[in-house]
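# Understanding the architecture of this molecule
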Amino acid sequence: MMNASVNELWRENFRQVPQPTLRLFCFPYAGGSAVIFHKWAASLPQSIEVCPIYLPGRGHRSKEKAFTDIHPLVEETAESILPSLAQPFAFFGHSMGALICFELARYLRKNHHPEPLHIFVSGRSAPQIQTYERITYNLPDDEFISELRRLDGTPREIFEHSELLSLMLPILRADFALTQRYEYKAEPPLDCSISALGGLEDYEVTKTQLEPWREQTSSRFALHLFPGNHFFVNTARSFLLPIISQELLELITERQRREI
C-alpha cells in the first residue's frame, strides 16, 4: 500500500505552526477520529503544533480500508510522518491510540529514526500485563451494537441513524480487532519519558493497570488520574490539557538547556 502523505494524515483543517518548538501527534480511540482533538491547539502553548492523526476509514480517508493489525498501520504512519520529525515531537494516544503510539515509538527506534521526547498513554492498560479482554469484534451486529452501547463511547446520534451506523460498524469492528488481537512482545524500555493517564471512574482501566507503564521507560514516569470514565479525554479536557501543557513545556525547557 502506498504511504499516506503528511497532508492526508493530519494537516488538513488544523492550525499549522511555522516553526514549532514541538509537534504533538495525537491518536484517537477505537471508532474515534482526529476531530476529537480539533480544539486542543487553543488550550496548548502556541509554539506547540497539534497534529491529530487521521486513520484510514474516517474523515477524508473514508474510502481507505481500516487496518485490523497494528503493525502495518504503525509502519505506514511512521513512514508518512518521517518528513515532519525534524523538530522535537511527542505522542498522545487514548485507548487504541495509546497502543498505536507505543508501538510507533518502538518502530522508530528499531529502524533508527528520530524518537519522541515523550509519550502520553491514556486509557489503556500497560501492554505487558495480562488482562482478560472479551473478543467482541466478530459478534453478530445486534450483539456488537449492544456492546457499543455498554461502552458508552459511540455518539448517540450514530445509533439513531441506520445509514450512519452501517458506515461506522466496519470501522469499529476493525479497530476492535486491532486491539483485541494485539500481542505484546518484550523489548527494552523506551528512552523517552512516559505519562500514563486514566479516568477515576474508568473501571475497565484502573490505576493498578496503568502503573506498570513505568516499566516501559528508562526515563521519567508520571501517572495522572482525572474525573470521568473511560472517555475522560472528552469530558475532562479542562483538567487534562493543563497537565499536557505543563509536561511538554518542561520537556522543551529541559531540551533547550541541554543545547546551550
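As shown above, the structure is provided for reference.
The following paragraphs examine the structure supplied in this document. (Residues numbered from 1 in each chain as written. Predicted model: local features only at pLDDT ≥ 70, side-chain atom pairs only at ≥ 80, totals over all residues. Heavy atoms only, no water.)

### Comments concerning the packing of helix H2 (residues 70-81) against helix H3 (residues 96-110)
Here is the rule we go by: Orientation is described by axes fitted as lines to C-alpha atoms, over the contacting stretch for helices, and by angles from 0 to 180 degrees between their N-to-C directions. Strands here mean DSSP runs of E at least two residues long; helices mean DSSP runs of H or I at least four residues long; both are numbered from the N terminus. Each helix crossing is assigned a hand: it is left-handed if the near helix lies turned anticlockwise from the far helix by less than a right angle, otherwise right-handed if that turn is clockwise. Residues are treated as being in contact if the distance between any of their heavy atoms lies within 4.5 Å. Note that Gly is not counted as nonpolar here; it falls among the polar residues with everything else outside the nonpolar set of Ala, Val, Leu, Ile, Met, Phe, Trp, Tyr, Cys and Pro and the charged set of Asp, Glu, Lys and Arg.
Their axes nearest at 9 Å, the elements H2 and H3 cross at an angle of 65°. The two elements H2 and H3 meet at a crossing, and its hand is right-handed. Residue-level inspection shows Ile70, His71, Leu73, Val74, Glu75, Thr77, Ala78, Glu79 and Ile81 of H2 in contact with H3, the latter providing Leu99, Ile100, Glu103, Leu104, Tyr107 and Leu108. Its residues assigned to classes, the contact of H2 with H3 comprises 10 nonpolar, 2 polar and 3 charged.

### Points about the pattern of salt bridges
In plain terms, the rule: Any Lys or Arg side-chain nitrogen found within 4 Å of a carboxyl oxygen on Asp or Glu counts as a salt bridge. Only protein chains enter the calculation, and the probe is 1.4 Å; a residue is then buried if its accessible area is under 20% of its type maximum, exposed if over 50%, and partly exposed in between.
In the structure shown here, the tally under the stated rule is 13 salt bridges. Taking the shortest distance from any N to any O, the salt bridge between glutamate 64 and arginine 61 comes out at 2.7 Å. On the basis of relative accessible area, arginine 61 is assigned to the buried category, the value being 2%. Here glutamate 187 and lysine 110 are joined by a salt bridge, their closest N and O atoms 3.1 Å apart. One end of the pair, glutamate 187, is in the loop between helix H6 (162-180) and strand E5 (193-199); the other, lysine 110, is in helix H3, and 77 residues separate them in sequence. Judged by its relative accessible area of 24%, glutamate 187 falls in the partly exposed class.

### Quick notes on H3
Condition: Take the number of residues in a helix, subtract one, and multiply by 1.5 Å to get its expected span.
Between its first and last C-alpha, H3 extends 21 Å over 15 residues, near the 21 Å set by a 1.5 Å rise per residue. Most of H3 is tucked away: 14 of the 15 residues are buried. Histidine 112 sits one or two residues past H3 and shows a positive phi near 60°.

### Thoughts on the sheet that holds strand E4 (residues 118-122)
We count it as follows: For two strands to be treated as a pair, DSSP must find at least two bridges joining them.
Spatially, 6 strands are ordered E2-E1-E3-E4-E5-E6 in an open sheet, and the strand pairing comes out parallel. The two strands at the open ends of the sheet, each matched to only one other strand, are strand E2 (48-52) and strand E6 (221-226). Taking each pair of neighbouring strands and ignoring which way they run, the sheet shows an average axis angle of 15°. Where strand E1 (residues 22-27) meets strand E3 (residues 89-94), 5 bridges bridge the pair, whose relative direction is parallel. Bridged to cysteine 26 within E3 is phenylalanine 92. Set on the sheet, helix H9 (residues 237-259) makes contact with E1, E2, E3, E4, E5 and E6; between it and E6 the angle comes to about 165°.

### Description of the pairing of E2
Where burial is concerned, most of E2 is hidden: 5 out of the 5 residues are buried. Burial along E2 is two-sided: Ile48, Val50 and Pro52 facing one way and Glu49 and Cys51 facing the other are all buried. Bridging between E1 and E2 involves 5 bridges; their strand directions are parallel. When the sheet's bridge partners are listed, cysteine 26 is paired in E2 with proline 52.

### Here's the deal with the nonpolar core
Test applied: Buried residues of nine kinds, namely Ala, Val, Leu, Ile, Met, Phe, Trp, Tyr and Cys, make up a nonpolar core once their side-chain atoms join them within 4.5 Å.
Ranked by size, the top nonpolar core spans 37 residues in total, and within it Phe25, Phe91 and Ile119 carry the most contacts. Breaking this core down by element, the ones donating at least two residues are E1, H2, E3, H3, E4 and E5. In contact with phenylalanine 91, not counting residues within four places along its chain, are Leu24, Phe25, Phe27, Ile81, Cys101, Leu104, Ala105, Leu108, Pro116, His118, Ile119 and Phe120. Formed by 27 residues, the second largest nonpolar core is a distinct cluster that contains Ile48, Leu197, Phe231 and Ala236.

### Things to note about the packing of aromatic side chains
Rules: Note on aromatic pairs: the rings of Phe, Tyr and Trp (six-membered ring only in Trp) are paired at centre separations within 6.5 Å, and the planes decide the class, stacked below 30 degrees, edge-to-face beyond 60, tilted for the rest.
In the structure shown here, the tally under the stated rule is 12 aromatic pairs. Between tyrosine 29 and phenylalanine 231, the ring centres sit 5.1 Å apart and the planes meet at 80°, which makes this aromatic pair edge-to-face. With tyrosine 29 in the loop between E1 and E2 and phenylalanine 231 in the loop between E6 and helix H8 (232-235), this pair connects stretches of sequence that are 202 residues apart. Phenylalanine 231 shares its class with tyrosine 29; the two are buried. Taken together, a centroid distance of 5.9 Å and an interplanar angle of 80° make the contact between phenylalanine 37 and phenylalanine 92 edge-to-face. Of the two residues, phenylalanine 37 is situated in the loop between E1 and E2 and phenylalanine 92 in strand E3; the sequence distance between them amounts to 55 residues. In this structure, phenylalanine 37 and phenylalanine 92 share a single accessibility class: buried.

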